[in-house]
Structure formats: structure tokens, C-alpha cells
Amino acid sequence: MAIAGVLLVSAVTLSAVALKQHADLFYTPQLLAEQGQPEAGKRVRIGGWVQIDSIKYGEGADMIFLIEDGSGQTLEVSYTGVVPDLFREGEGVVATGRFDETGAFTAENILAKHDENYQPRELKNARQATS
């Protein structure tokens, strides 16, 4: 019985550590302005809408765009790669990536809306307030 208890506690502890290491915190530009940026190198998700007229293309697959959340705050995102077909200005986006030591955010993954009703759940109230 004692061995089963030790195994159960070990399994729960390992699961908790694994989940903590893979959990990405979600921020909006407003939350970042209020709370400050997370530590450099920590993986986070930034959500909002792609600001109109903010997408700038660089060499090859490089791009920079702004994410807004209806608060007046924005965040510049740099990304290298192919964006989803539904990635457009004015549409919902979630970027997963990291801040560097200078505060610049580089996305590793971009998710765009998948249907007419998609919004990051943290932004539903913000979108309604600006409409």
C-alpha cells in the first residue's frame, strides 16, 4: 500500500512539473502596459487584433505587425515564417513567442481566427467595449 502511495505522489508531482513547464501565459497589450513584460526568454502568448495598416514585410518570410486590444495599447511583433491563410489586418490573432532582453517580441507561432465567431476569450469584452 505504501508503494502505491509513493508512486501516486510521484506521478502527480511529475505531472504538475510538466504542466508548469509547458503552460504559456496569455497577455494583451494592455496587460503588458499595466504589469510590465515577463522575463526575457520566457515563452508567452500575446493576443488581440492585427492593427490596420501595420503589417510590414522584410526579407524573405520576415514580417513585423502590431497587435492591439481596444485599449489604445499596441505591441510590435516580429515573425519569420508563413502565416495562416486567415491572417489579416483587423482580425483576431494569438502570437506565441518570447521577449528578448531589449523588450522586443519575436513570435514563434501565429494563430489566426478560424471562423466568424473566433476571438481569444480574454478579448471578448474588450471587442464589445470598442464596438
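One can find the structure itself at the top, above this paragraph.
A. Representation of the nonpolar core in the model. In this structure, I46, F65, V77, F87, F105 and I110 are the most contacted members of the largest nonpolar core, which totals 20 residues. Of all the elements in the fold, those that place two or more residues in this core are strand 2 (43-50), strand 4 (62-68), strand 5 (74-80), strand 6 (92-99) and strand 7 (105-112). When residues of this core are assigned to their parent elements, the largest contribution, four residues, is made by strand 7.

B. Quick peek at the pairing of strand 4. Burial of the side chains of strand 4 is restricted to one face: M63, F65 and I67 are buried, whereas none of D62, I64, L66 and E68 on the reverse face is. As judged from the two bridges shared by strand 2 and strand 4, these two strands associate in the antiparallel manner. Across the sheet, the residue bridging to V50 is I67, located in strand 4. Across two bridges, the pairing between strand 3 (residues 56-57) and strand 4 is antiparallel.

C. Representation of the pattern of salt bridges. Under the criterion given, the structure shown has two salt bridges. Across the pair R43 and E108 runs a salt bridge whose closest N-O atoms are separated by 3.5 Å. In this pair, R43 sits in strand 2 while E108 sits in strand 7, placing the two residues 65 residues apart along the sequence. R98 is the partner of E108 in a salt bridge, and the nearest nitrogen-oxygen pair spans 2.7 Å. A residue pair is termed long-range when its members are at least 10 positions apart, and E108 in strand 7 and R98 in strand 6 qualify at 10 residues.

D. Region of the structure containing the packing of aromatic side chains. With the rule as written, the count across this model stands at two aromatic pairs. When the centroid spacing of 5.0 Å and the interplanar angle of 70° are considered together, the rings of F65 and F87 count as edge-to-face. Here the residue F65 occupies a position in strand 4, and F87 occupies one in the loop between strand 5 and strand 6, the gap between them amounting to 22 residues. Accessibility classification places F65 together with F87 in one group, the buried group.

Cut-offs applied
Residues numbered from 1 in each chain as written. Predicted model: local features only at pLDDT ≥ 70, side-chain atom pairs only at ≥ 80, totals over all residues. Heavy atoms only, no water. Core = buried A, V, L, I, M, F, W, Y, C linked by side-chain atoms within 4.5 Å. Buried < 20%, exposed > 50% of the residue type's maximum accessible area, 1.4 Å probe, protein only. Helix = DSSP H or I, 4+ residues; strand = E, 2+ residues; numbered from the N terminus. Pairing = 2+ DSSP bridges. Salt bridge = Lys/Arg side-chain N within 4 Å of Asp/Glu carboxyl O. Phe/Tyr/Trp six-rings, centres within 6.5 Å; stacked < 30°, edge-to-face > 60°.

Take it as geometry only, folks, not as evidence of what the structure does.
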